[in-house]
Amino acid sequence: MAEREPIGVIGAGWVGLVTATCLAELGHEVVCRDIVAEKVEALGRGELPIHEPGLDELLARNRERLRFTTDMAELREHASLLFCCVDTPPTYSGDADLSRVERVLEELGPSRDHALVMKSTVPVGTGRSIARRSGELGYVSNPEFLREGTAVEDFLHPERVVVGTGPESAAFGERVEALYLPLETTVVRTDVASAEMIKLASNAFLATKISFINEIANVSEELGADVVEVARGMGLDSRIGPKFLQAGIGYGGSCLAGEETVLARRGGCTWLAPLEALFDQLREEHRADRGATVIEPEGLEVLSWREQTVAPEFLPVAAATRRPFEGDLLEVRTKMGRRLRCTPDHPFVVSDGDGGAPAVKLARELTADDWLPIAQGSASMTSTASDARELDAPTLDSSELDPCELGASKLDTGELDTLTAVRSGQVDADDVIVRPVPAQLAAVGEASADERAIALAHPRGPTVRTHDILRSGALRLEEARRLGLSLEGATLGTARNGTYVPSAIEADEAFWRVVGLYLAEGHCSVEVTERGVRHRLQWSFHPSKEAHLVREVADYWKRYGVKATVSQRPTTKAVVVSSRLLARWWTECLGLGRNCYEQRIPDLAWRQPLALRRALLAGLWLGDGSWSYVAGGPSVVLEWGTASRELADGVLRMLGDLGIVARLKVGRTAKSTVDNYWLVIAGAAQVERALFLVDERERDRVRASLARQHKRIAPTGYRRDAQGSAWARVTGTRDVPSPGAVYSLEVPGAETFVTTGGLVTHNCFPKDVSALKQLAGNSGYHFQLLTAVIEVNELQKRRTIGKLQKHLGPLVGKQIALLGVAFKPSTDDVREATALVLAARLQAEGADVRVYDPVASANAIDMLGGAQICESALDALDGADAAVLVTEWPEFRELDWAGQAKQRMRTALVVDGRNFLDPSALTDAGFSYEGVGR
């Protein structure tokens, strides 16, 4: 193993965390620094802000070698190799925003003892620029080639490692190379610029392969070919290879953060899922590679909303996508507290406050004048005929059990099957004891000798075993199965003297109220004792004020003959049911949480009639909710709180099913270490609709108070339109860090889907969809490699910078004159103008930019940054080190280049971006001339 090296990592984002944790795994002492104090504190507790398979195990295993800080000085003192892993998002001009890198350089300052090891994705030339400006600081280019979902594997088993240095930092480069020696991979030692180019060129080539095969797919459709076979045949050519030849739909523009949720349905199963979890589930079902970006699911529907209808509806999903995203997301906030994190270009359905016709706007364009729809009303939970299937109880021999069936075997009769805890493997069948009803127990004695010999294999023989069963009234589950006994009406346990539970529980209002009370006041504890593992379900209430709720839970279980112990404690009065079988069924099959942080609406609840969903919400609100007067009355609000984001999301949606729009508040109490979520129901009409959430003994007081209101005021920032659709006003947007990957859905027909908290969002737009529609027009098929022409055009702008640098060297402090701003002569239109991009890039290189256009300068003032607007071409050329002709105005050709122009300029250099001027004449006049392709 290589010698241990103290390492510093700057930035605790996706790349930074993987780098820091994997270097610690290789045995190095690592300090990771981030400017967000809350993130640093959470990491110190072992809590990861991102989901990356295997990263949590590495973090836990290497806690002693890995620590986190906000102090750059601590980093400098700890290590001399400092890995830079900060974000470099694109700017308006398309260049990488290096402001975070610049900030790192400022904080580090000059030091001959330290080297900045660049992991961030930066443009070619960044290292040379940093080395020139910070000569005393070492610099190593060490680009990352990590893929989300396999980042740990990619780091610890890389296909290659690239290390680029200049001569002055060669020693630092050798130390960086030594860090990777245990990985036994190829190390590419090269110069800085080449290392930077390897990263960018690799990404570009992979993108080219993807685009190419997608275009082949389009042509294959037209000609009747099979792109899968085409790709397979191509991939067998060793010069091409099979990777990245999987054709896809090509989505990948606007998207949502993976934590945002959708209500999904397939067949008989409905569940609330974060987009990230849904995509991972689909990927596993399709056996897709971890790097898959597009999946076309079969039979999957999500809750959607159409402008013409009030209630939401389930509609098929054509595609689910995932793509990496660097830079900040936008968090869209509404008056009712709903928040949604998305890319800045994500589209939303919007309306105005006066009920105007809906339109579509991008997230970055949203203002406080916009209103977003909130899904209200209950969608039908009945699947389409093609997806419907019976949920018959599988046999005990079933090797595969659909997760949708866990906890529910006879929904048509309203019964829930506790034996699913056995069928799903949560409880070993050998551990389960059955107490059948008397008629079935008698059948044991009536069985033939041969039947008992097979079914009741026992060391003391089947006869003795038969007497034991008849005397005790109990037998093993496997014995009952082999005898063919019916378990209807039977009770089940895992210990002879333990708690027995019924084999079937009726899913009635009483059951769902008890579930609601558990969501509010319950938890499941697991205790290891000398006699085994003990599982307890517990409901905890106020020691004196909630005796009626204690009785309700205790009486419910006693109704089924389940032993429920009531214990009085100093701060609580608790109802406890001790049963491994019931606890595993409750938490693993129904999907209820083990503690307040894990609680969620069980999947089964989404399929219940509204009356039963009301019962669940009533129990939940009675346990953790309250009502109070507003400013002493007569207005009333209902409030409820939880520490579980998933539960809050589910309750918001379920209230919406009942036509109730709650306001969401997020914050922390004095001693809380996590966010808490409070739901508030306000407005007389809504409170009256939600009275079922209030204790029966208090409802008359609430009604009386509401009756005293002279004017009924609706919640602010919320309205219903003439069709009955609900809308919430946008309060603003703010930048938030990206989790590294974003997700999208395509729902044809509605073009929308309902996401977190019931907020409606538009389908995600493919990247550059507006530009491509304009390019393609309204007819015919257009080969999409035309987009490559656009890319080449953008690259030409960068080539202009290179031509200037070839003659002038670094552009810091150089005076550059741009002749022309309009995108073409004889117009003042500056849309898509090349000059805007050039001005931004030149200023980013440190140049001073002077601009002249005969008519268009005024239109571009606000888009040219710090560029100076000149009154004439000669004024722009005054003291210039170079002139760049951008727009072919006739007056530029007529300019006295050999006389006044040359006299005004500091350096006789012209870059003719339009091949508009006479190169021979300029060369004869003593100018250095650069054209395009000349």
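We now turn to the structure provided with this report.

Parameters at a glance
- Residues numbered from 1 in each chain as written.
- Predicted model: local features only at pLDDT ≥ 70, side-chain atom pairs only at ≥ 80, totals over all residues.
- Heavy atoms only, no water.
- Pairing = 2+ DSSP bridges.
- Helix = DSSP H or I, 4+ residues; strand = E, 2+ residues; numbered from the N terminus.
- Axes fitted to C-alpha atoms, helices over the stretch in contact; angles between N-to-C directions.
- Expected span 1.5 Å × (residues − 1).
- Buried < 20%, exposed > 50% of the residue type's maximum accessible area, 1.4 Å probe, protein only.
- Phe/Tyr/Trp six-rings, centres within 6.5 Å; stacked < 30°, edge-to-face > 60°.
- Lys NZ or Arg CZ within 6 Å of the ring centre and 35° of its normal.
- Left-handed = near helix turned anticlockwise from the far one by under 90°.
- Contact = heavy atoms within 4.5 Å.
- Nonpolar A, V, L, I, M, F, W, Y, C, P; charged D, E, K, R; others polar.
- Core = buried A, V, L, I, M, F, W, Y, C linked by side-chain atoms within 4.5 Å.

**Points about the sheet that holds strand β6 (residues 138–141)**
Within the open sheet, the eight strands sit side by side as β3-β2-β1-β4-β5-β6-β7-β8. Their pairing is mixed. The outermost strands of the open sheet, each flanked by one partner alone, are β3 (66–69) and β8 (186–190). If you compare each strand with its neighbour and ignore which way they point, the axes differ by 25 degrees on average. Bridge analysis of strand β1 (residues 7–10) against strand β2 (residues 30–33) gives four bridges, and the strand direction is parallel. The residue of β2 that forms the bridge with V9 is C32.

**Quick notes on helix α17 (residues 509–521)**
Look at α17: 18 Å from first C-alpha to last across 13 residues, which is about the 18 Å you get at 1.5 Å a residue. The element α17 is largely enclosed, with a buried count of ten among its 13 residues. Residues F511, W512, V514, V515, G516, L517, Y518, L519, A520 and E521 constitute the buried set of α17.

**Quick notes on the packing of aromatic side chains**
Under the defined criterion, the tally for this structure stands at 17 aromatic pairs. Ring geometry for W627 and Y629: centres 5.2 Å apart, planes at 85 degrees, overall edge-to-face. These aromatic residues form a ring-pair network of at least three members: F511, W512, Y518, W539, Y556, W557, Y560, W585 and W586. It is R614 that lies over the ring of F692; its NZ or CZ is 4.2 Å from the centre.

**Comments concerning the packing of α17 against helix α20 (residues 610–624)**
In contact at an axis separation of 7 Å, α17 and α20 are set at 35 degrees when each is read in the N-to-C sense. As α17 packs across α20, the resulting crossing turns out to be right-handed. Residue-level contacts link E509, W512, R513, V515, G516, L517, L519, A520 and E521 of α17 to A611, L612, A615, L616, A618, G619, L620, L622, G623 and D624 of α20. Taken together, the residues of the contact of α17 with α20 break down into twelve nonpolar, three polar and four charged.

**Quick look at the environment of P274**
Position of P274 relative to the elements: it lies in strand β11 (residues 269–274). The residues contacting P274, other than those within four sequence positions of it, are G258, E259, E260 and T261.

**So, the side chain of R465**
When you line up the elements, R465 lands in helix α15 (residues 462–472). Residue R465 is classed as buried on the basis of its relative accessible area of 6%. Ignoring anything within four residues of it in the chain, the contact list for R465 reads L456, H458, L475, R476, E479 and R496.

**A few points about the nonpolar core**
As a rule of thumb, nonpolar side chains are buried together in soluble globular proteins. Membership of the largest hydrophobic core comes to 105 residues, with the highest contact counts inside it found for W539, W557 and W586. For this core, the leading source of residues is α20, giving eight residues. Ignoring any residue separated from it by four or fewer positions in sequence, one finds W557 in contact with I505, V514, W539, V562, A564, V577, L582 and W586. Core analysis: the second largest hydrophobic core is formed by 40 residues, V30, L81, L146 and Y180 among them.

**A look at the pairing of strand β18 (residues 347–350)**
Side chains P347 and V349 project from β18 onto one buried face, and the interleaved F348 and V350 project onto a second face that is buried too. Judged from the four bridges that link them, β18 and strand β19 (residues 359–362) form a sheet pairing that is antiparallel. If you follow V350 over to β19, its bridge partner there is A359.

**What about unusual backbone geometry?**
Omega for the peptide link from G633 to P634 comes to 5 degrees, which places this bond in the cis form. Considering the arrangement of structural elements, one finds P634 in the loop between β31 (625–629) and β32 (636–642). Residue E184 is not a glycine yet carries a positive backbone phi of 50 degrees. Summarising the element assignment, E184 is placed in the loop between α8 (170–179) and β8. Classification of E184 by relative accessible area gives exposed; the value is 75%. The backbone of A631 sits at a positive phi, close to 55 degrees, despite the residue not being glycine.

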